[in-house]
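# Working through the structure, step by step
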2 protein chains.
Amino acid sequence: MLEDVYAACRDDLSGTPADYIPELAAVAPDAFGLCLATADGLVYRVGDTETGFTIQSISKPFTYALALADRGVDGVAAHIDVEPSGEPFNEISLEPQTQRPSNPMINSGAITAASLVSGRDAADKFERVRRCYSRFAGRELRMNEAVYESEARTGYRNRAIGYMLRSVNVIDDDPDDAVDRYFRQCSIETTCADLAVMAATLADNGVNPTTRERALSTSLTERVLSVMTTCGMYNAAGDWVTTVGLPAKSGVGGGIIAVLPGQLGISVYSPRLDAQGNSVRGVAACRELSRRLELHFCHVTRSARTAIRADYTVAQLPSRLRRSPEDAAVLSAHGERARIYELHGDLLFAGAERTVRAIEGRAGELEALVIDLRRVGEVSAVARGMLDTLQADLVAAGCRVALVDPDARLGHEVSSLDPRDPRGRVFIDRDTATEWCEDIVLEKHRPPGVQAAHSMGLDEHPMLAGLVAADRARLTPDFVLRTLARGEVIAEHGDPRSGLYLILDGRVRVTFPGTDGRVHRLVTLTAGMSFGEIPMLIGEPVVNAVVAETQVRVAVLVPAVFDALTDAHPKLKLALLQRLAAGAYAQMEATVRTISANAGNY
Amino acid sequence: MLEDVYAACRDDLSGTPADYIPELAAVAPDAFGLCLATADGLVYRVGDTETGFTIQSISKPFTYALALADRGVDGVAAHIDVEPSGEPFNEISLEPQTQRPSNPMINSGAITAASLVSGRDAADKFERVRRCYSRFAGRELRMNEAVYESEARTGYRNRAIGYMLRSVNVIDDDPDDAVDRYFRQCSIETTCADLAVMAATLADNGVNPTTRERALSTSLTERVLSVMTTCGMYNAAGDWVTTVGLPAKSGVGGGIIAVLPGQLGISVYSPRLDAQGNSVRGVAACRELSRRLELHFCHVTRSARTAIRADYTVAQLPSRLRRSPEDAAVLSAHGERARIYELHGDLLFAGAERTVRAIEGRAGELEALVIDLRRVGEVSAVARGMLDTLQADLVAAGCRVALVDPDARLGHEVSSLDPRDPRGRVFIDRDTATEWCEDIVLEKHRPPGVQAAHSMGLDEHPMLAGLVAADRARLTPDFVLRTLARGEVIAEHGDPRSGLYLILDGRVRVTFPGTDGRVHRLVTLTAGMSFGEIPMLIGEPVVNAVVAETQVRVAVLVPAVFDALTDAHPKLKLALLQRLAAGAYAQMEATVRTISANAGNY
């Protein structure tokens, strides 16, 4: 596409290069380069993108940026306004009332900006300018001495502007020093590719996408882009905003940069200029690119609208802690009172407003809430404030709140155990947060007689309790009782089968290795449940590792005894398998419920 | 937050209401209303948001919009430029060279725009203006007769502008008619809440978010917003863009609208005006809202960058067609050659560029590709073109491509069966597309000797083939052979158990009802597999409905026979259960693989 645009503009050889100094007139007039740099640092390029030329007026936003960083917004605003002037760039005129230059994109404003750069002395000040540009470009830029000397020798009009600025005290010290620095900055040599990266740095909130170095703060970047929008293209601002719709800056060297904030930077190099002093093919290429790629800033994405990626209750998508049948029934009946919201994308005002509105709409019915922020990118200050307020409101209304926010995007660095603390709990994965939600619901809604998972004797274990008394009496002595320490590995992936395990006390975690290289919980099992059935039955090695989450008491039927049952007591073994199948059935139901809750995703 | 901003601005009672006609001077000077309308049509409001007042100059962008719709961009541009004028709004001056008004936001441009509205006669033309505003507001707006009569009686300066425009042929016909229409449009009565909806309609690409009616095309909306950006706030454009950063328009009635494209509209009503003719508290409130809510147009979301929501191979996340062990092995070894990309958000240039780049980076290794577009919002023309090109390139390189695109977002209305057609297959769900991918990989990589799923005799079915010959001979006659027609329901949710089914030929689909109200496929089973085991074993009713996807041949062991086996041949039954457990084991492995591929999501 870049090649198409290049081809479409290439043949327009109207206009003439700047010729006020011989060095500028000496360029190849028909050179033409076109670059597009993405906000992640890839530079697409066509044509003469490595030809060196002087940056000229494209330097203005960058020196203005440095002045803003050195003096602050108010410190600069006292000297330079931000209004379009409606006059030529080199006009010797100031605002009638304040005597300030109208904006930093005309020469008087640019020279004033150069005067505001900090430094020990003139050499140090210019070196800071050069380094600033180099940070934007991602490589060390150098001044073209010949161009500088020519500019310095012939720049009478700019010297006049300097003295006029000094006469009204807009420039506080030596005007020659400021004008000299301005000549030097205009003579810094760049390529079309450099300018694309400089533009992309402005697009990327001031961070250079190739070096990942910050060249300017986000808020100052916004200010520079604003001024480029209204004043960047000399007198064609309205037409430029209407037909291109990108903050931009051109220079008499033949360069133009244009920025789509947040997304990309464009640069063009073509020395033939139009009557306004803008590159003819540069303007045409920007217009064409904006049209074809739909880059106009009013052509925006709607994605900020939908920050909620998914939301569901713990009844729809339970945690991986397998609950007792009694607890599972409670969660099935009351689980809609605990809800998980997964957010995604960047959280700016509009998206946060939608999110808060959606959650508040359910506030009355909720006892616990989890907000999963792991897929969220940038969180703006206003969004953070809105979510904080939401959390405080919910906690005040008796709803517990947890975040899944391992990177502390909302600034909650510590999980708070105090149920009245509006900052709430912070988890690093959703599964644990979901389990926490379930516990809150269970605590409130578990019927008086029903206990949470509790220690039991082997006789009470459902696997045996359901058998007829004679069978139970025959089978019980075959089990071996074992106690395992917290963290002890019971089985590793690939181990030979080691027994049918009945859990009498504590919690056991079954894990699997994720494609992300981390170990994940498949399920946590508690007293009254069993594991190891299938390897036992079909003689295969263990698939999923098993580890004790707490101290655990288990009863084990070892392989030799289990196998011997087939001949000794086949009917007893069938009855046992039937109990095991019931467990598998419950597990399948839970799986189906999970898939069902995610059906829309598939 | 709106109330905070309201409170922060309320006490500034500087400025005075417009008083050039008695009707404007008669307003309550301290009335103050503030609204924020979201792009989905919710209007937040504080203060005097239902007080009626005349729209005045806020009418200008809307009549300009109607003129653009009636005459086209070029037809209007021949009469009105889009450059900031740098002069007061009621200046009687035109561009020196073209004689056009500088822009449609000053009176001369607005009167010209009024002259360009189409209609049978003057009454019809104004009625079209009134209807246009009403579409933006989402209710029928009316003219305030008293204000109109006063304006018409005293508007000498605007009549002068009208005649001057006629003298240079910028207005083609009766200037009195255009000026009269301009007086009428300025006298249309609105409330602060109306203006918020009108602003939100501009934010929502020209669609009224409350009525869902289109008030203006997307491209013309962009143009209107561009002109508001540079010319909307009289002479304070640069300051406005820098400190507020929203396209806006104010009126001497005391209203201001501001638009964050794609996201929201703001309106303020407060009649006291500053020296530029802008509402004092209106400007302050917009500045404060922009700052607190971070609405500046250069403060953009980065979400357009990451259009890929997830990507994985068919080896990582297989379809729900259960493959034979042989085919599963082929897919496990070669499945990385078929890949699924899920996209989300709006697809504009930057997001499409990332997506295409990511997919192209793998093009050499792919034999089949699925792009799932169901979570994509807007698809821009350039993104559509880029994906089309990508598809054509991939197909030319021998990679088959399918879209999951039930709403034809990419404009592919018909699925193409021709493997050389770059438009490729179109599916309505990802599971079917995944199965299609798997078939392509299997066709290429299935070893010569291995067959696809094929018809078999009962003896060959793995459930019996693995038994010792005597057991098999004893069990085979107990099975009943049945043939089922395509679409026949074999079992419904809640049916009593009806047998252990072995599939000998055809495909059987197990389904479950999704929370979305639709029936989803849990799994499709083919020859060599079985179903109904668990209800048989534990005597529970059927959980998941089963239906014949094709004509099916099954062998059924009915409940009475199955139960009788316990007493008659317990060891044979144990052997059978062991085979069934092996099937359950394979199913669990597949489940774990699915969960594992999604681990990052959990």
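Nothing here was measured: the structure is a model prediction, and the numbers come from that model.

## Looking at the sheet that holds strand 18 (residues 519–526) of chain B
Residues and elements named next belong to chain B.
- The 4 strands are arranged 15-20-17-18 in an open sheet whose pairing can be described as antiparallel. Only two strands of the sheet have a single partner each, and these edge strands are strand 15 (489–491) and strand 18. On average, adjacent strands in this sheet sit at an angle of 30° to one another, irrespective of strand direction.

## With respect to the domain arrangement of chain A
- Domain assignment breaks chain A into domain 1 (2–293), domain 2 (308–445) and domain 3 (458–597).
- Inter-centroid distance (C-alpha atoms) of domain 1 of chain A to domain 3 of chain A is 72 Å.

## As for the packing of aromatic side chains
Residue and element names in this part refer to chain A.
- Applying the stated criterion to the full structure yields 14 aromatic pairs over all chains.
- Consider the rings of phenylalanine 53 and tyrosine 269, whose centres lie 3.9 Å apart with planes at 5°: the pair is stacked. Here phenylalanine 53 is found in strand 3 (residues 53–54), whereas its partner tyrosine 269 is found in strand 8 (residues 264–269), with 216 residues between them in sequence. This pair shows no difference in class: phenylalanine 53 is buried, exactly as tyrosine 269 is.
- Residues tyrosine 501 and phenylalanine 531 carry aromatic rings whose centres are separated by 4.6 Å and whose planes lie at 5° to one another, so their mutual orientation is stacked. Here the residue tyrosine 501 occupies a position in strand 16 (residues 500–505), and phenylalanine 531 occupies one in strand 19 (residues 530–531), the gap between them amounting to 30 residues. One exposure class covers both tyrosine 501 and phenylalanine 531, and it is buried.
- Aromatic ring contacts, followed pair by pair, group Phe62, Tyr133 and Phe136 into a single cluster.
- When the ring centre of phenylalanine 562 is taken as origin, the NZ or CZ atom of lysine 573, which lies over that ring, is 4.0 Å away.

## A look at the environment of valine 426 of chain A
Residues and elements named next belong to chain A.
- By the secondary structure assignment, valine 426 is in strand 13 (residues 425–427).
- Taking the relative accessible area as the measure of exposure, valine 426 reaches 17% and is therefore buried.
- Distance in space between the C-alpha atoms of valine 426 and aspartate 372 is 9.8 Å, their sequence separation being 54 residues.
- Leaving out residues up to four positions away in the same chain, valine 426 has contacts with Leu403, Asp405, His412, Val414 and Ser415.

## Remarks on the sheet that holds strand 13 of chain A
Residues and elements named next belong to chain A.
- Reading across the sheet, the 5 strands line up as 9-10-11-12-13 and stay open at both edges, with mixed pairing between neighbours. Each having just a single partner strand, strand 9 (308–313) and strand 13 make up the two edges of the open sheet. Taken pair by pair, the neighbouring strands of this sheet meet at an average axis angle of 20°, ignoring direction.
- Bridging between strand 11 (residues 368–379) and strand 12 (residues 400–404) involves 5 bridges; their strand directions are parallel. Each bridged residue has a counterpart across the sheet, and for leucine 369 the counterpart in strand 12 is valine 401.
- Contacting strand 9, strand 10 (338–347) and strand 11, helix 14 (residues 349–360) crosses the sheet at an angle of about 175° to strand 10.

## Some remarks on helix 10 (residues 218–231) of chain B
- Here helix 10 of chain B contains 14 residues, and its C-alpha end-to-end distance of 20 Å stays within 8% of the 20 Å for a straight helix at 1.5 Å per residue.
- Helix 10 of chain B sits mainly inside the fold: 12 of its 14 residues count as buried.
- Where helix 10 of chain B is concerned, the buried positions are Leu220, Thr221, Glu222, Arg223, Val224, Leu225, Ser226, Val227, Met228, Thr229, Thr230 and Cys231 of chain B.
- In this fold, the buried residues of helix 10 of chain B make contact with helix 11 (237–243) of chain A together with helix 3 (59–77), helix 9 (192–203), helix 11 (237–243), strand 6 (248–250) and strand 7 (255–260) of chain B.

## What to know about the state of the cysteines
Residue and element names in this part refer to chain B.
- Evaluation of the coordinates by the stated rule reveals 0 disulfides over all chains.
- Lacking any disulfide linkage, cysteine 9 is separated from the closest cysteine sulfur, that of cysteine 286, by 9.0 Å.
- With a relative accessible area of 5%, cysteine 9 lands in the buried category.
- No disulfide involves cysteine 192; its sulfur sits 3.9 Å from that of cysteine 35, the nearest cysteine.
- Among the residues examined, cysteine 192 registers a relative accessible area of 0% and is labelled buried.

## Comments concerning the nonpolar core
- Core analysis: the biggest nonpolar cluster contains 136 residues, and Tyr133 and Leu202 of chain A together with Tyr133 and Leu202 of chain B have the highest contact counts within it.
- Once residues within four sequence positions are removed from consideration, leucine 202 of chain A is found in contact with Phe62, Phe136, Thr221, Val224, Leu225, Met228, Ile257 and Val259 of chain A.

## Digging into the side chain of threonine 38 of chain B
- Structurally, threonine 38 of chain B is set in strand 1 (residues 33–38).
- Among the polar contacts made by the side chain of threonine 38 of chain B, one reaches the side chain of arginine 357 of chain A at a distance of 3.5 Å.
- Those residues in contact with threonine 38 of chain B, other than ones at most four positions away along the chain, are Glu353 and Arg357 of chain A together with Tyr44, Ala200, Pro209, Gln263 and Leu264 of chain B.

## Re the side chain of serine 187 of chain A
Residues and elements named next belong to chain A.
- Mapped onto the elements of the fold, serine 187 is located in the loop between helix 8 (175–186) and strand 5 (188–190).
- Looking at serine 187, its side chain comes within polar contact range of the main-chain nitrogen of tyrosine 148, at 3.4 Å.
- What serine 187 contacts, discounting residues up to four positions off in sequence, is Thr54, Arg142, Met143, Asn144, Val147, Tyr148 and Glu151.

## Some thoughts on the pairing of strand 16 (residues 500–505) of chain B
Residue and element names in this part refer to chain B.
- Burial analysis of strand 16 places 5 of its 6 residues in the buried class, which makes it a mostly covered element.
- Judged from the 5 bridges that link them, strand 16 and strand 21 (residues 552–557) form a sheet pairing that is antiparallel. Paired with aspartate 505 across the strands is arginine 553, a residue of strand 21.

## What to know about unusual backbone geometry
- Notably, asparagine 169 of chain A is not glycine yet its phi reads approximately 65°, a positive angle.
- By the element assignment, asparagine 169 of chain A lies in the loop between helix 7 (156–167) and helix 8.
- The phi dihedral of alanine 408 of chain B falls on the positive side, at around 50°, and the residue is not glycine.
- Here alanine 408 of chain B is to be found in the loop between strand 12 (400–404) and strand 13 (425–427).

Rules used in this analysis
Residues numbered from 1 in each chain as written. Chains lettered and ligands numbered in written order. Predicted model: local features only at pLDDT ≥ 70, side-chain atom pairs only at ≥ 80, totals over all residues. Heavy atoms only, no water. Pairing = 2+ DSSP bridges. Helix = DSSP H or I, 4+ residues; strand = E, 2+ residues; numbered from the N terminus. Axes fitted to C-alpha atoms, helices over the stretch in contact; angles between N-to-C directions. Domains from an automatic or database assignment. Phe/Tyr/Trp six-rings, centres within 6.5 Å; stacked < 30°, edge-to-face > 60°. Buried < 20%, exposed > 50% of the residue type's maximum accessible area, 1.4 Å probe, protein only. Lys NZ or Arg CZ within 6 Å of the ring centre and 35° of its normal. Contact = heavy atoms within 4.5 Å. Expected span 1.5 Å × (residues − 1). Disulfide = S-S within 2.5 Å. Core = buried A, V, L, I, M, F, W, Y, C linked by side-chain atoms within 4.5 Å. Polar contact = N/O pair within 3.5 Å; in protein donor to acceptor, adjacent residues only side chain to side chain.

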